[in-house]
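Below, each chain spelled out in residue letters.
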Amino acid sequence: MKKFLILLFISLFLLSCGDKDQKSQDSENNDESTDEAVDVDESVSDKIDELSDVDEIENNGDTGNTGNTGNTGDSGDSGNTGNTGDTAGDEDEETPDEDEELEIPAGTIGFETGMPERGIYSKGFTYSVDVMGDLVDLYVPLSNTDKMSTAIYMQGAKVDKGFYSIFAKALSAYGFVVAVPNHKSFTGDNMTENKVFTQVWNYIKQMSGESGSHLFNRVDVAKVTVLGHSFGGVASLGILQNKCEIPTCTGTYNHPEELSAAVLYGTNTKNPYLGGVAEVNTGNIPTVFVQGLLDGKAKYEDMTATFEKTTGSPVSAVKVTGANHYGICDINNPAGAEEDSNIPALDQLTGINIIAKWSGIFMRAQIFGDSDDHDFFYTGTGDTADSVVEIISK
C-alpha cells in the first residue's frame, strides 16, 4: 500500500508537470502568435504608410517612377519631384509664369497668339464692338503690367473682317491692340473708307480711359498705326497723306495727329482704268509695303513702281516669295472677294506668320523705338536668315 501510494504520488506529480509543460508550450505558442499578429499589424501599417506616401507623391504632380516609397523622407526617383518633404518650399520659391496668372476678361474669348518669331505676348482676348454702325473685332494681348499700342486694320475690298483673325492674333503678340472693322460704304458691303480709321481710333482712346471697358488701362494712346490690305491699303495711303479721294473718301480728311506708322499689303497706286502710277508722300511717317511675289491682282511690278515714286523717310518694301494677294488672310480667296488666280506656293499659315512677323518687327522699331528690332529690320540681319523674304529700304 505504501508503495502504491508512493507510485500514485509520483504519477500525479508527473501529470502536473506535464500540464505545466503544456501550458508553458501553449503560452509560448500564444506569445509567438501574438508576435506574428504584431508583425502582421506592423506590415499592414507599413503598407498603409507606403500607400500614403504614394498618394502624397501623386498629389505633388508628375509622379514618374516612385522608386522606394517606404522612406517618406526621400521618394527615390519620382519624376523630378525631388524630396517630397521640400516640395511645398520649392513651390513657394518658384516664380510663376506671368501668363498663368492672367485672366481672360468676362464677355471675351481668349486666344493663343501663336508666338511668331520675336513675338512677346503668348495670349490675348478678343471681342466685338459697334463703332458708329461698324462692327469691329478687337484683339488684345494679355499682360498684367504693359500698355499696348494700337493698330487699325483697313479691310480689302469685300473681305470680311473675320478673314484677318489669324493675322490679327499673331500681330498682337508684338504688343498691339489690333482693331479690324467691317464697313459698308456707298460702294457696297465691306468697302472701307478713310473715316473708319479715325472713328475706330477715337473709340479706342475713349475706352482706354473708362474703368468699365476691357481696354481700360491697357492702351498707350500716344501713337497709332494704320494697316491696309489692297483696297484698304489704298485707303491707308489716303489717310497717310491726308487725301480724300473717291472711292475711299468724300469731302475732306485729316488723319489723327497720333498716326505714326503705316503697313500696306498688296497695295500700289496704279490707276486700274488709265494706267500710270501716282506719287506718294508719306510726310516722313515710317511706311512699309509688304508684297507677295505671286500676287496676281496687285502685281509686284506695280508695287515696285509705287515704291520708287514714294517720298519721305523711311520707306521700305518687304518681298514675300510664294505669297499671293490673299497671303494675309485666313484662307486663300476668301468668300465674297474677287479671286486671285495665282495659287500661292507658300503654306497659308506660314505666310501669315511671316507677314505678321515683319509687320510687327517694323512696328516695334517705329512705335516703341526698339533698337534691336530696328537693326533686325533695317540692317539686313533679319531677312538674310529668312529664305522667303527680302527687304529694301530708302
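Right above here is the structure, for reference.
Residues numbered from 1 in each chain as written. Predicted model: local features only at pLDDT ≥ 70, side-chain atom pairs only at ≥ 80, totals over all residues. Heavy atoms only, no water.

## Re the nonpolar core
Stated precisely, the cut-off is as follows: Residue types Ala, Val, Leu, Ile, Met, Phe, Trp, Tyr and Cys, when buried and joined through side-chain atoms within 4.5 Å, form a set referred to as a nonpolar core. Remark: exposure states derive from per-residue accessible area (1.4 Å probe, protein chains only) relative to the maximum for the residue type, with buried under 20%, exposed over 50%, and partly exposed in between. In DSSP terms, a helix is any run of H or I states spanning at least four residues, a strand is any run of E spanning at least two, and both are numbered starting from the N terminus. The contact rule is simple, with two residues in contact once any of their heavy atoms fall within 4.5 Å.
Residues F167, V318 and W358 are the most contacted members of the largest nonpolar core, which totals 44 residues. Examining the composition of this core, we find that 9 residues originate from one element, helix α8 (residues 348-367), more than from any other. Those residues within four positions of W358 in sequence are excluded, and the remaining contacts are V318, F376, F377, G382, D383, D386, V389 and I391. Counting 42 residues, the second-largest nonpolar core is a separate cluster that includes V129, V196, V224 and V226.

## A word on empty space enclosed by the protein
Applied cut-off: The rule is simple: put a 1 Å grid over the protein atoms alone, call a set of points where a 1.4 Å probe fits but cannot get out a cavity, call an open set with protein on both sides within 12 Å along at least five of seven lines a pocket, and count a residue as lining if it has an atom within 4 Å of a point. Grid points are joined across faces, edges and corners, and a volume is the space filled by probe spheres set on the points. When residues are sorted by character, Ala, Val, Leu, Ile, Met, Phe, Trp, Tyr, Cys and Pro go into the nonpolar class, Asp, Glu, Lys and Arg into the charged class, and all the rest, Gly among them, into the polar class.
Overall, the coordinates contain 3 cavities of 30 Å³ or more when judged by the stated rule. Of the residues belonging to the lining of the second largest cavity, the class tally is 3 nonpolar, 5 polar and 1 charged.

## A few points about the layout of surface pockets
By volume, the largest pocket amounts to about 1,100 Å³. Along its surface, the largest pocket is lined by 38 residues, and F231, V234, N268, K270 and P272 are the ones closest to its centre. Tallying contributions element by element places helix α6 (residues 231-241) first for the lining of the largest pocket, with 5 residues. The residue makeup of the lining of the largest pocket, split by class, is 16 nonpolar, 14 polar and 8 charged.

## A closer look at the pattern of salt bridges
This is how it is decided: In what follows, salt bridge is the name for a side-chain nitrogen of Lys or Arg lying within 4 Å of a carboxyl oxygen of Asp or Glu.
For the structure on display, the rule yields 11 salt bridges. The partner of D302 in a salt bridge is K270, with the nearest N and O atoms 3.8 Å apart. Linking D302 in helix α7 (residues 300-308) with K270 in the loop between β7 (259-265) and β8 (280-281), this pair joins segments that are 32 residues apart in sequence. Overall, D302 belongs to the buried group, its relative accessible area being 14%. The exposure class of K270 is partly exposed, given its relative accessible area of 40%. A cluster of three or more residues bridged by salt bridges with shared partners is formed by R118, R364, D370 and D373.

## Overview of α7
Spelled out, the test is: Regarding the arc, it is the one traced by the directions from the helix axis to the C-beta atoms.
Taken residue by residue, α7 has D302, M303, T306 and F307 as its buried positions. The buried residues of α7 occupy one face: seen down the axis, they fall within an arc of 140°. Contact partners of the buried residues in α7: β8, β9 (287-292), β10 (310-311), β11 (315-320) and β12 (389-393).

## Remarks on the side chain of T113
Heads up, the rule is: Contacts described as polar in this section are N or O atom pairs within 3.5 Å, which, within protein, must combine one atom able to donate a hydrogen with one able to accept it, while residues neighboring in sequence count only if both atoms come from side chains.
Looking at where T113 falls in the secondary structure, it is placed in the loop between β1 (109-112) and β2 (123-131). There is a polar contact of 3.1 Å between the side chain of T113 and the backbone nitrogen of M115. There is a polar contact of 2.8 Å between the side chain of T113 and the backbone oxygen of Y121. Sequence-distant contacts of T113, defined by excluding residues within four places in its chain, comprise Y121, S122, K123, K169, A170, S172 and A173.

## Section: the packing of α8 against helix α9 (residues 371-378)
Definition in use: Between N-to-C directions, angles span 0 to 180 degrees; the directions come from axes that are lines fitted to C-alpha atoms, helices contributing only their stretch in contact. For this classification, under 35 degrees means roughly parallel, over 145 means roughly antiparallel, 65 to 115 means roughly perpendicular, and everything else is oblique. With the far helix as reference, a near helix turned anticlockwise by less than a right angle produces a left-handed crossing, and one turned clockwise produces a right-handed crossing.
In contact at an axis separation of 8 Å, α8 and α9 are set at 130° when each is read in the N-to-C sense. It follows that α8 is oblique to α9 by the angle criterion. Note on packing geometry: the crossing formed by α8 with α9 is left-handed. Contacts from K357, W358, I361, F362, R364, A365 and Q366 of α8 reach α9 at D373, H374, F376, F377 and Y378. Here the residues of the contact of α8 with α9 are counted per class, giving 7 nonpolar, 2 polar and 3 charged.

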